Amino acid sequence: MSSFERKLLMKSLGSSLPPMPPPGGSSASKKRKGPPGRRKDYSLLQWSDYFTSSQDVKVDDDNIFRIYERGSEGPLVFLIHGGGFSGLTWAVLCATLTKLVKCRTVAMDVRGHGNTKTTDEDDLSADRLASDIGNIISTLYKDTEVPPTILVGHSMGGAISVHSAIKNLVPSLVGMIVIDVVEGTALEALHSMQSFLKGRPSHFKSIEYAIEWVNRTGQIRNLESARVSMIGQLREMEEHEVPQSIKEREIPDAANTIAEEDEEDGETSSESNAKAISKEKPNQYYTWRIDLSKTESFWKGWFQGMSSLFLSVPVPKMLLLAGVDRLDKDLAVGQMQGKFQMQIIGNCGHTMHEDQPQKVAEAIATFLLRHKMAESLSGFERPFPCC
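If you look the chain up in an unreviewed UniProt entry, it shows as Protein phosphatase methylesterase 1 from Holothuria leucospilota. The UniProt entry for the chain carries the following comment under Catalytic activity (unreviewed entry): "[phosphatase 2A protein]-C-terminal L-leucine methyl ester + H2O = [phosphatase 2A protein]-C-terminal L-leucine + methanol + H(+)".

A. Layout of the nonpolar core. By size, the foremost hydrophobic cluster in this structure holds 50 residues, and its most contacted members are Phe 78, Met 108, Ile 133, Met 176, Trp 302, Phe 310 and Leu 319. In terms of residue count, helix α3 (residues 126-140) provides more of this core than any other element does, six residues in total. With sequence-adjacent residues up to four places away left out, Met 108 is seen in contact with Phe 65, Arg 66, Ile 67, Phe 78, Leu 79, Ile 80, His 81, Ser 86, Gly 87, Ile 133 and Ile 136. Core analysis: the second largest hydrophobic core is formed by 40 residues, Tyr 68, Ala 95, Met 318 and Ile 345 among them.

B. Up close: the packing of aromatic side chains. Evaluation of the coordinates by the stated rule reveals seven aromatic pairs. An angle of 65 degrees between the planes, with centres 5.5 Å apart, marks the rings of Trp 47 and Tyr 68 as edge-to-face. Taken together, the residues span a long stretch of sequence, with Trp 47 in the loop between α1 (3-14) and β1 (53-59) and Tyr 68 in strand β2 (residues 63-70) at a distance of 21 residues. Ring geometry for Phe 310 versus Phe 340: centroids 5.4 Å apart, planes at 70 degrees, classification edge-to-face.

C. Here's a closer look at the pattern of salt bridges. Enumeration according to the criterion identifies nine salt bridges in this entry. For Lys 102, the salt bridge goes to Glu 375, with nearest N and O atoms at 3.6 Å. Taken together, the residues Lys 102 in strand β4 (residues 101-102) and Glu 375 in strand β12 (residues 375-376) connect sequence positions 273 residues apart. The exposed category is assigned to Glu 375, whose relative accessible area is 52%. Among the salt bridges present, the one from Arg 111 reaches Asp 132, with a minimum N-O distance of 2.9 Å.

D. Here's a closer look at the sheet that holds strand β5 (residues 104-108). The eight strands lie next to each other as β1-β2-β5-β3-β6-β7-β10-β11, forming an open sheet whose pairing is mixed. A strand with exactly one partner marks an edge of an open sheet, and here the two such strands are β1 and β11 (341-344). Shown here is a sheet whose adjacent strand axes are inclined to one another by a mean of 20 degrees, direction ignored. Pairing between strand β7 (residues 173-179) and strand β10 (residues 317-321): four bridges, direction parallel. Of the residues in β10, the one forming a bridge with Ile 179 is Leu 320. Its contacts with the sheet put helix α4 (residues 156-166) on β3 (76-80), β6 (149-154) and β7, and the angle it makes with β6 is roughly 145 degrees.

E. Looking closely at the UniProt feature "active site" (unreviewed entry) in the chain. UniProt records the feature "active site" (unreviewed entry) at Ser 155, Asp 180 and His 350, using the numbering of this structure. On the basis of their most widely separated C-alpha atoms, the annotated residues across 196 residues gather in one place, lying no more than 8.3 Å apart. Within the secondary structure, Ser 155 sits in the loop between β6 and α4. Of the residues examined, Ser 155 reaches a relative accessible area of 14% and is grouped as buried. Those residues in contact with Ser 155, other than ones at most four positions away along the chain, are Gly 82, Ile 179, Asp 180, Val 181, Phe 303 and His 350. The residue His 350 is located in the loop between β11 and α14 (352-355) in this model. Apart from residues lying up to four places away in sequence, His 350 is in contact with His 154, Ser 155 and Asp 180.

F. Structural context of the state of the cysteines. Tallied over the full model, the rule gives zero disulfides. Its sulfur unpaired, Cys 94 is 8.0 Å from the next cysteine sulfur, which belongs to Cys 103.

G. Structural context of the pairing of β7. For β7, a buried count of six out of seven residues is recorded, marking the element as mostly surrounded by other parts of the structure. Judged from the six bridges that link them, β6 and β7 form a sheet pairing that is parallel. Residue Val 152 lies in a different strand from β7, and its bridge partner there is Ile 177. Handedness of the crossover joining β6 and β7 through α4: right-handed.

H. Representation of α3 in the model. Between its first and last C-alpha, α3 extends 21 Å over 15 residues, near the 21 Å set by a 1.5 Å rise per residue. If you check which residues of α3 are buried, you get Ala 126, Leu 129, Ala 130, Asp 132, Ile 133, Gly 134, Ile 136 and Ile 137.

Thresholds, definitions, all that
- Residues numbered from 1 in each chain as written.
- Predicted model: local features only at pLDDT ≥ 70, side-chain atom pairs only at ≥ 80, totals over all residues.
- Heavy atoms only, no water.
- UniProt positions renumbered as here; feature names shortened; annotations may be inferred.
- Core = buried A, V, L, I, M, F, W, Y, C linked by side-chain atoms within 4.5 Å.
- Buried < 20%, exposed > 50% of the residue type's maximum accessible area, 1.4 Å probe, protein only.
- Helix = DSSP H or I, 4+ residues; strand = E, 2+ residues; numbered from the N terminus.
- Contact = heavy atoms within 4.5 Å.
- Phe/Tyr/Trp six-rings, centres within 6.5 Å; stacked < 30°, edge-to-face > 60°.
- Salt bridge = Lys/Arg side-chain N within 4 Å of Asp/Glu carboxyl O.
- Pairing = 2+ DSSP bridges.
- Axes fitted to C-alpha atoms, helices over the stretch in contact; angles between N-to-C directions.
- Disulfide = S-S within 2.5 Å.
- Right-handed = clockwise from strand over helix to strand, strands pointing away.
- Expected span 1.5 Å × (residues − 1).

Rendered as structure tokens:
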């Protein structure tokens, strides 16, 4: 292998490597020679910069679901996030989509996630989550006619949107878009899910650390999206939840330190951010909003039989994938038979709507225009070909 080929190989492997150790732990974290680079900004962005409003929708007076809204005319694009995320995962996409076509968007925090509060946070069965979608829409439009609705779901949310459609819980449904979830590959991935969850940090020193971690590890490759959405995956730790050994640390451990490539004066951006934050909020730690490892009993129920159910939903459908290799046999046959539209979005990971919000928004807008569900704005024209 030539020197040039070795460099290319190391560059491609770099995005998949685990977080780097803290300063002093290895030569990789030492001060780099050469001119200093521009330090990235991992500060939090406000959801109000992307959504026009949010509200808490009460269902049966005991369950309160947080939703984020943008747009007031046209069809309803109702967005359901994946496991562990929140409605904020759609922030950048919604801001982009509503500039391309006339539509209203609603992004919900699923039961047990984000700012949603329910009497039974632990029931994440497909039936319960599907019922929640129907209840939220009917409650939201109880005094007016429900607009034509397009369900858009990512990962777990895609599976739940299929269950909702099959049960006819959204009578106004006119279209469905499922993002990067296929029954076959999803079921295969479940075998390694617990290992993945155990490999994540258990806590973060600050929101900035969390944003840096999720961006540097490639789980959300678009930094802007990570800065607005990551807060929805976390909650503040109670005082009794923080071990004393952690409180006494002045420098975070390896889970919380990801060395920047553009370090200046031997100080990482995480350390710089932490110093500023510690002056205002000492001992402020964050952990995951939901412990996904405890939801394992529901995983198969989300995805099993999903391909055949998706194909039988009697409305126009689109499947957005980050790679053609994710397609299973049933969907491959269905796609060749023209039962749904499929589009591959390159240069992105599993959270493709965050990694490439512009491209995904354009794909959704094209789908809406193709089926005459919405009107174009700002001269947007659907690309050709559109499949």
